[in-house]
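# Structure assessment
Residue strings, one per chain:
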Amino acid sequence: MSFAYRNGVLCAERISLQTIARRFGTPCYVYSRREIEHNYGEFTRALVGRDALVCYSVKANCNLAVLALLSRLGAGFDIVSGGELARVRAAGGDPRKVVFSGVGKSEAEIAQALRARILCLNVESEPELLRVAAVARRLGIRAPIAFRVNPDIDARTHPYIATGLKGSKFGVPYAQAERLYRKAVRLRDVELIGIGCHIGSQMRVPDPLADAVRRIAALATRLADAGIPLRHIDIGGGMGIRYRKERVAPIGRFVARCLKALGTRPEALILDPGRSIVGSAGVLLTRVEYVKRTARKRFLVVDAAMNDFLRPALYGAWHDVVAVRKSRRRPALYDVVGPVCESGDFLAQRRTLAAGEGDLLAVKSAGAYGMVLSSNYNSRPRAAEVLVDGREARLVRRRERAETLYAGELVPRW
Ligand SMILES: *Cc1c(COP(=O)(O)O)cnc(C)c1O
């Protein structure tokens, strides 16, 4: 919808990607405001009448303009580092709507979060509980906490992004959770306010999530019966999006199934989706540098590489790649590769494309886990980011320059 062809040219909302490439150069991430708002709205519409907070998962796409947009819509934020908390605050986000997950929070990060008066720290181990209590005591601030519980549910997704199985580093084991709650409730420096889980990413059906919610809700019931009532249940994120032609349940179905699994539990609901809000809202715009033929293959060598967009190399992820302008060139089978010196440096393999030197390509559904996973490998400056609103396109991150790559480096004078 937000990325569609008009007169044979792919557009972001009302502006052509050719115009954007001319103004901002390539490679360039292009995001659609309308699409982000639409996806966020899918959650809020499905949650009408329920005490709920959607905490956008910052790690999916942490550009300040994206955070500011979601903040103005009323979103909270799910963060996994002190750096992300700084971003949320710089974007004008409300710390009182921030939940902080992650297995390795440092003392400095815990202190930063407590001073900012965030909504909740999602504690992922017993040693972390003791550390949070100690930092809270030192600061004289009672720490609002939840345990992130590992419900031992298979999210049936890529093993790198499944987080809810017994062998996972995430969350406290389900079997230990009650004991930890009983221990934490006796600590004066923490306030037990919730329980949470997050079982994995890119789930295509709601069943594993609903199973996890049922297990967490059962635990909340037992805790309430034991005199440990909680204020919220955080069911995590992980709702999938459509990258290829796979079937993916709509957001409304995920939410409805979770609400059903919660039954009549009175706690407020927190969700922390990332990919499903921003994934479909971005494309990576890149230009063909060379068409290269070998005895075995044809390559489109483009100006974006694995350092700009890692998902294909990291997960073997499929992203549709399309020519920005429909042409009469002869279609052929190509590998779309970047300039980085790695054989794993591809954006797509074995794709039929009608494109040649100088043409623009768009890598679709690149709004989540795209720019955030970029690096400077091969000393390549990071791409620009642009946010489109109707006919307007705004630069929301400048393209890096070579000098910024080594600005922090020092050469010792031996
Ligand atoms: C990454 C993460 C999310 C978001 O996952 P998506 O698959 O992008 O929706 C939510 N909660 C936690 C705790 C996470 O670590």
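## Some thoughts on the site of the ligand
Taken together, 14 residues lie near the ligand, and Lys 59, Ser 201, Asp 272, Arg 275 and Tyr 369 sit nearest. The side chain of Asp 272 places a nitrogen or oxygen atom 2.6 Å from a nitrogen atom of the ligand. The side chain of Tyr 369 places a nitrogen or oxygen atom 2.6 Å from an oxygen atom of the ligand. Calculation on the ligand without its partners gives an accessible area of 390 Å², and the protein chains cover 95% of this total. In the shell around the ligand, the residues fall into two nonpolar, seven polar and five charged.

## Looking at the packing of aromatic side chains
Under the defined criterion, the tally for this structure stands at three aromatic pairs. Geometrically, the ring pair formed by Tyr 29 and Tyr 31 is stacked, given 6.2 Å between the ring centres and 25 degrees between the ring planes. Looking at Tyr 31, the relative accessible area reads 1%, which means it is buried. On the basis of an interplanar angle of 80 degrees and a centroid distance of 6.5 Å, the ring pair of Tyr 56 and Phe 77 is categorised as edge-to-face. Of this pair, Tyr 56 sits in strand β5 (residues 52–57) while Phe 77 is found in strand β6 (residues 76–79), placing the two residues 21 residues apart along the sequence. In terms of burial, Tyr 56 and Phe 77 fall into one category: buried. In this structure, Arg 244 is placed above the aromatic ring of Trp 318, and the distance from its NZ or CZ to the ring centre is 3.5 Å.

## Structural notes on the domain arrangement of the protein
Each assigned domain of the protein is listed with its residue range as follows: domain 1 (3–31 + 279–405) and domain 2 (33–278). Here the C-alpha centroids of domain 1 and domain 2 sit 32 Å apart. Buried area between domain 1 and domain 2, both sides added, is near 2100 Å², and the carbon and sulfur share of it is 54%. It is Tyr 315, Trp 318 and Tyr 369 that lose the most area in domain 1 upon contact with domain 2, and together they represent 28% of the buried surface on that side. Applying the counting criterion to the domain 1 and domain 2 interface returns one salt bridge. Of the charged contacts, one joins Arg 33 and Asp 389 as a salt bridge, the two residues approaching to 3.1 Å between their closest N and O atoms. Taken together, the links from domain 1 to domain 2 amount to 14 residue pairs in polar contact (both at pLDDT 80 or more). Of all the secondary-structure elements, those providing two or more residues to the side of domain 1 that touches domain 2 are α11 (311–315), β20 (384–389) and β21 (392–397). In terms of residues, the side of domain 1 that touches domain 2 owes the most to one element, β20, which gives four residues. Classifying every residue of the side of domain 1 that touches domain 2 gives eleven nonpolar, seven polar and six charged.

## Things to note about a positive patch on the surface
On the surface, Arg 6, Arg 14, Arg 34 and Arg 391 cluster together to form a positively charged patch. Mapped onto the fold, Arg 6 is located in strand β1 (residues 3–6).

## As for the side chain of Glu 124
With respect to the secondary-structure elements, Glu 124 resides in the loop between β8 (120–123) and α6 (126–139). At a separation of 2.8 Å, a polar atom in the side chain of Glu 124 contacts the main-chain amide nitrogen of Gly 102. One polar contact links Glu 124 to Arg 148, side chain to side chain, over a distance of 3.1 Å. Excluding its chain neighbours within four sequence positions, the residues that come into contact with Glu 124 are Ser 101, Gly 102, Val 103, Lys 105, Arg 148, Phe 170, Gly 171 and Val 172.

## Describing the nonpolar core
Core analysis: the largest hydrophobic core is formed by 105 residues, its most contacted members being Ile 145 and Phe 147. The residues that make up this core include at least three from each of domain 1 (3–31 + 279–405) and domain 2 (33–278). Of all hydrophobic cores here, the second largest spans 19 residues; its members include Leu 10, Leu 17, Leu 360 and Val 388.

## Focus on the pairing of strand β4 (residues 28–32)
For β4, a buried count of five out of five residues is recorded, marking the element as mostly surrounded by other parts of the structure. Residues of β4 alternate between two faces, with Cys 28, Val 30 and Ser 32 on one and Tyr 29 and Tyr 31 on the opposite face, all of them buried. With four bridges connecting them, β4 and strand β14 (residues 282–293) associate as antiparallel partners. Bridging across to β14, Tyr 31 finds its partner in Gly 282. Examined bridge by bridge, β4 and β20 share five bridges and lie parallel to one another. Pairing of Tyr 29 across the sheet is with Glu 385, part of β20.

Scoring rules and cut-offs
- Residues numbered from 1 in each chain as written.
- Predicted model: local features only at pLDDT ≥ 70, side-chain atom pairs only at ≥ 80, totals over all residues.
- Heavy atoms only, no water.
- Near = heavy atom within 4 Å.
- Polar contact = N/O pair within 3.5 Å; in protein donor to acceptor, adjacent residues only side chain to side chain.
- Areas by Shrake-Rupley, 256 points an atom, 1.4 Å probe, with all protein chains shown as cover.
- Nonpolar A, V, L, I, M, F, W, Y, C, P; charged D, E, K, R; others polar.
- Phe/Tyr/Trp six-rings, centres within 6.5 Å; stacked < 30°, edge-to-face > 60°.
- Buried < 20%, exposed > 50% of the residue type's maximum accessible area, 1.4 Å probe, protein only.
- Helix = DSSP H or I, 4+ residues; strand = E, 2+ residues; numbered from the N terminus.
- Lys NZ or Arg CZ within 6 Å of the ring centre and 35° of its normal.
- Domains from an automatic or database assignment.
- Buried area = accessible area lost by both parts, 1.4 Å probe.
- Salt bridge = Lys/Arg side-chain N within 4 Å of Asp/Glu carboxyl O.
- Patch = residues over 30% accessible without salt bridge, like charges linked within 9 Å, V, L, I, M, F, W, Y side chains within 5 Å.
- Lys, Arg positive; Asp, Glu negative; His and termini not counted.
- Charge placed at Lys NZ, Arg CZ, Asp CG, Glu CD.
- Contact = heavy atoms within 4.5 Å.
- Core = buried A, V, L, I, M, F, W, Y, C linked by side-chain atoms within 4.5 Å.
- Pairing = 2+ DSSP bridges.

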